[in-house]
Amino acid sequence: MRPAILLLAGLVAGTTLATQARADSASAVVGHLQPLTDGASIYQHVCQGCHMPDGRGAMGSGARFPALAGNAKLVSADYPAYVILNGFGGMPSFAGLLTDKQVADVVNYVRTHFGNHYTDALKPADVAAQRPAITPEEE
Amino acid sequence: MTNALQPPAATRRQMLTRIGILGGSAALYQAMTSLGHAAGTDFRGAPALTGAKRGTRVLVLGAGLAGMLAAYELRKAGYQVRILEFQNRSGGRNISLRGGDTLTELGGATQKVQFAPGNYINPGPWRIPYHHQGLLHYCREFGVELEPFVELNHNSWLHSSTNFGGKPVRYRDYAADFMGFTAELLSKSIDQHKLDEAVSADERAHVAAAMRGWAGLDADGAYRKGVTSSLRRGFAKPQGGGVDGAPIPSDLFARDEVMRSGLWQWLAFHERLDMQTTMFQPVGGMDQVGKGFTRQVHDLITLNCKVSSIHQDDHGVQVTYNDMANGGAVRQESADYCVCTIPLSVLSQLDIQVSGPLKAAIAAVPYASSVKLGMEFNRRFWEEDDQIYGGISFTDQPISQISYPSHGYFSRGPAVLLGGYMFGPAAYDFAGMTPAERIEHGLAQGSVIHPNYRKEFRGGVAVSWSRMPWTLGCCSMWTEQSRKMHYKTLCAVDNRIVLAGEHASYIGCWQEGAILSSLDAITRLHKRALGAA
């Protein structure tokens, strides 16, 4: 694991740090972020851009953002945690952005909202065990 | 080109001089390029493919720059080409929005752009580095007029929420002080003999002289308030004419705050190869590039085709799609070969018959999220009140930056600026807002830089690339691991199918990546087609 992940993790605390710039990107710096203190705020500020505020996802050009509402794959908390940490298809990994607690918070949030009623909560320690080593490319 | 070991300079110069005399400047340029000077991207000229077998059909999926270029060059080579495009327009991510345009995003929000006639925003690509020679070559070939894009403006603002009282400072003032104080520290280190062991006496003298000249230090190596520093950072009372023309030098910022603020990061930003001057933009909007490409291949394009499957066997390729212009009727198109430029975020969810490793590669590349705010104001207050002509102001607020139009200077009437450009976490956040909320945040944050923002605001459009139905994201994001594992597979011809687009390049997120990827893909496909029985 390289510093890039740790740098990004530091951003959540609101510091201003250099990260890799996307090629034609806004900047080499990511500024202050919204506080991501609980599952609801993480979902709002990170997830709903694609999965939509109602958790129903969306259908595009023969492709989609999957719904979290009524999604049978959420039966195991490890599955959404794995996808958040590793990404899936077009969805990026959020391992660099979210702490173990934040991953657990948002997994627990989506599994108890949008019509989901799972009662087994994911713990930060469960997330820690799954963390991948991902190194963003320098651009 | 990095050369750790310098070849004998005189020899090289002598050789270039000789070529220049004998062969003229074109030969000199070619020679310099082959020796590693003057090179741009890896563009080596149009491919000049010839000799396609009569009647060989190529189906291109996607009418973005990669797809249209593939069609253009393959038709020239003698292929029968057809392009299927999902949208009701060609150009792909090469797009400009103007008054009257309508944008509907995933989730259903629809924005009607209400800019004044002639105004536009480029929600996708917006600037072209001088060394993107592939794209520039085709702009020239297709008659796309270019003008300078102002990237670096010394009179723009840099803003840190937690330094300088939370107020923006001029790029010029900050840059002068950052250079001045940095040079002074180095100069002091030399004077105080801190570098005696590491650096020879001769070199210490050279460095000390360089610091004085480069950063505007006084003769004693100090950076201080005075005429010298003010001739860089500007005067408190500017230089004038006549009796009271004498200027008054300006105060310096506090050194510790200059260093602590981190605003030097914006100085470094402009030093990146991608961001160096000269930059260009098409006259009249970035979509003039897409229109130029479209002029070449418009007769080959069928719009409103939603591809659902891409199959192949030893005889050809069969693509199934819904004809959205005719009630979604299911249609099939066959060809001998296929150039597929569909973004991987979409392609990874389609039924595509390729090898297991290529399927894995298609599914291994996530897409970045990006949001741009196009905001129209009653007048060019940034020019009229602030003397900012083009360029970019940066902030550590989520909007990240405000970029002023690089055209139409001094004109009266409404003008559009880029009121925010987010990647990464801020883009996720803005994507999750309604368009009106995005604009409201843009106004609130922009007001910190320009207090009269709200007063002059007319209207805006907020484009989230995650919400675009045809890309589900902005552009490809490779990691070191995925590049190592999947990149070559992603680019390889898979029997009769080859992928192209910015995602199949090392210039991801830039149009040049789409151009170079497309040229490489069709060159290899052509070779494959000629070799086939």
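Keep in mind that this is a model prediction, so the values were computed, not measured.

Novice: What exactly am I supposed to notice about the overall build of chain A here?
Specialist: Helix and strand content of chain A: five helices and four strands. Listed N to C, the secondary structure of chain A is α-β-β-α-β-β-α-α-α in terms of helices and strands. The buried share among the 139 residues of chain A stands at 54%. In chain A, the share of contacts with a sequence separation of at least 24, taken over all contacts with a separation of at least 6, comes to 52%. Accessible surface for chain A amounts to roughly 6000 Å². Of this, 61% is attributable to carbon and sulfur atoms.

Novice: Teacher, can you tell me more about the domain arrangement of chain B here?
Specialist: Where interface size is given, it is often the accessible area lost as the parts come together that is meant. According to the domain assignment, chain B consists of domain 1 (57-91 + 290-365 + 477-530), domain 2 (97-155 + 278-284 + 368-467) and domain 3 (171-261). Spacing between the C-alpha centres of domain 1 of chain B and domain 3 of chain B amounts to 55 Å.

Novice: Explain the state of the cysteines to me, please; I cannot follow it from the model alone.
Specialist: Residue and element names in this part refer to chain B. Tallying each qualifying case throughout the model produces one disulfide over all chains. Note that Cys-475 is cross-linked by a disulfide to Cys-509, the S-S spacing being 2.0 Å. Residues Cys-475 and Cys-509 share a disulfide whose torsion about the S-S bond is about 85°; that sign makes it right-handed. Of this pair, Cys-475 sits in the loop between strand S22 (457-464) and helix H16 (480-491) while Cys-509 sits in the loop between strand S23 (497-499) and helix H17 (511-531); the two residues are 34 residues apart in sequence, bridging distant segments of the chain. Accessibility expressed as a relative area gives 3% for Cys-475, which makes it buried.

Novice: Would you take a moment to explain the packing of aromatic side chains for this structure?
Specialist: Aromatic rings considered in pairs are described by the distance between their centres and by the relative angle of their planes. All names here are of chain B. Applying the stated rule across the entire model yields 30 aromatic pairs over all chains. On the basis of an interplanar angle of 55° and a centroid distance of 6.3 Å, the ring pair of Tyr-138 and Phe-293 is categorised as tilted. You can see Tyr-138 sitting in helix H3 (residues 133-141) and its partner Phe-293 sitting in helix H9 (residues 287-297), a full 155 residues away along the chain. Look at Tyr-138 and you get buried, because its relative accessible area is 0%. An angle of 15° between the planes, with centres 6.1 Å apart, marks the rings of Tyr-174 and Phe-178 as stacked. Residue Tyr-174 and its partner Phe-178 are located together in helix H4 (residues 171-191), separated by four residues, close to a single helical turn. Across the ring face of Tyr-487, the terminal group of Arg-483 is positioned such that the distance to the ring centre comes to 4.7 Å. Against the face of Tyr-337 rests Arg-496, its NZ or CZ located 5.1 Å from the ring centre.

Novice: Please explain the interface of chain B and chain A as it appears in this structure.
Specialist: Each partner contributes to the interface: chain B provides 54 residues, whereas chain A provides 45 residues. For the pairing of chain B and chain A, the buried interface totals around 4000 Å² over both sides, and the portion due to carbon and sulfur atoms is 55%. Between the two partners, chain B and chain A, sit zero salt bridges. Counting across the chain B and chain A interface gives eight residue pairs in polar contact (both at pLDDT 80 or more). Taken together, the elements giving at least two residues each to the side of chain B that touches chain A come down to helix H8 (264-269), helix H10 (344-347), strand S21 (415-423), helix H13 (424-431) and H16 of chain B. Ranked by the residues each element gives to the side of chain B that touches chain A, the list is headed by H13(B), at five residues.

Novice: What's the story with the UniProt feature "domain: Cytochrome c" (unreviewed entry) in chain A in this structure? I'm lost.
Specialist: Annotation from UniProt places "domain: Cytochrome c" (unreviewed entry) at residues 34-114 of chain A. Across residues 34-114 of chain A one finds 41% helix and 5% strand; the C-alpha atoms that close the span lie 23 Å apart.

Novice: Would you mind showing me how to read unusual backbone geometry here?
Specialist: Residues apart from glycine generally show negative phi values, whereas peptide bonds are mostly found in trans. Residue and element names in this part refer to chain B. That bond from Thr-277 to Thr-278 is cis: its omega, 5°, falls within 30 degrees of zero. Among the secondary structure elements, Thr-278 is positioned in the loop between H8 and strand S11 (279-282). Of note, the phi angle at Gln-387 is positive, near 55°, even though the residue is not glycine. Inspection of the secondary structure assignment puts Gln-387 in the loop between helix H12 (381-384) and strand S19 (392-395). By relative accessible area, Gln-387 is classed as exposed at 54%. Even without being a glycine, Leu-472 presents a positive backbone phi close to 50°. Following the sequence through the fold, Leu-472 ends up in the loop between S22 and H16.

Novice: Is there a simple way to explain the sheet that holds strand S7 (residues 128-129) of chain B in this structure?
Specialist: Strand pairing within a sheet occurs via backbone hydrogen bonds; the two strands may be parallel or antiparallel. All names here are of chain B. Across the sheet, which stays open at both edges, the three strands sit in the order S7-S11-S8 with antiparallel pairing between neighbours. In this open sheet, the two strands that pair with only one neighbour each are S7 and strand S8 (146-149). The pairing of S8 with S11 spans four bridges and is classified as antiparallel. In the sheet register, Glu-147 faces S11, and the bridge partner there is Gln-281.

Novice: I would appreciate a short explanation of the pattern of salt bridges in the present structure.
Specialist: For side chains of opposite charge, pairing can occur when their charged atoms come near one another. For the structure shown, the criterion picks out 33 salt bridges over all chains. Linked by salt bridges that have partners in common, B:Arg379, B:Glu384, B:Asp385 and B:Glu456 make up one network.

Novice: How should helix H2 (residues 39-51) of chain A be read in this particular structure?
Specialist: An α-helical turn contains 3.6 residues, so any two residues separated by three or four positions project in the same direction. For H2(A), spanning 13 residues, the distance from its first C-alpha to its last is only 14 Å, which falls clearly below the expected 18 Å at 1.5 Å a residue. The largest bend along H2(A) measures about 45° and falls at A:His45. Buried residues of H2(A): A:Gly39, A:Ser41, A:Ile42, A:Tyr43, A:His45, A:Val46, A:Cys47, A:Gln48, A:Gly49 and A:His51, and no others. Its buried side turned inward, H2(A) meets helix H4 (100-110) of chain A together with H13 of chain B. Remark: A:Met52 follows H2(A) within two positions and exhibits a positive phi of approximately 75°.

Reading the values: rules and limits
- Residues numbered from 1 in each chain as written.
- Chains lettered and ligands numbered in written order.
- Predicted model: local features only at pLDDT ≥ 70, side-chain atom pairs only at ≥ 80, totals over all residues.
- Heavy atoms only, no water.
- Helix = DSSP H or I, 4+ residues; strand = E, 2+ residues; numbered from the N terminus.
- Buried < 20%, exposed > 50% of the residue type's maximum accessible area, 1.4 Å probe, protein only.
- Contact = heavy atoms within 4.5 Å.
- Areas by Shrake-Rupley, 256 points an atom, 1.4 Å probe, with all protein chains shown as cover.
- Domains from an automatic or database assignment.
- Disulfide = S-S within 2.5 Å.
- Phe/Tyr/Trp six-rings, centres within 6.5 Å; stacked < 30°, edge-to-face > 60°.
- Lys NZ or Arg CZ within 6 Å of the ring centre and 35° of its normal.
- Buried area = accessible area lost by both parts, 1.4 Å probe.
- Salt bridge = Lys/Arg side-chain N within 4 Å of Asp/Glu carboxyl O.
- Polar contact = N/O pair within 3.5 Å; in protein donor to acceptor, adjacent residues only side chain to side chain.
- UniProt positions renumbered as here; feature names shortened; annotations may be inferred.
- Pairing = 2+ DSSP bridges.
- Expected span 1.5 Å × (residues − 1).
- Bend = angle between axes of the 7 residues up to and from the residue.

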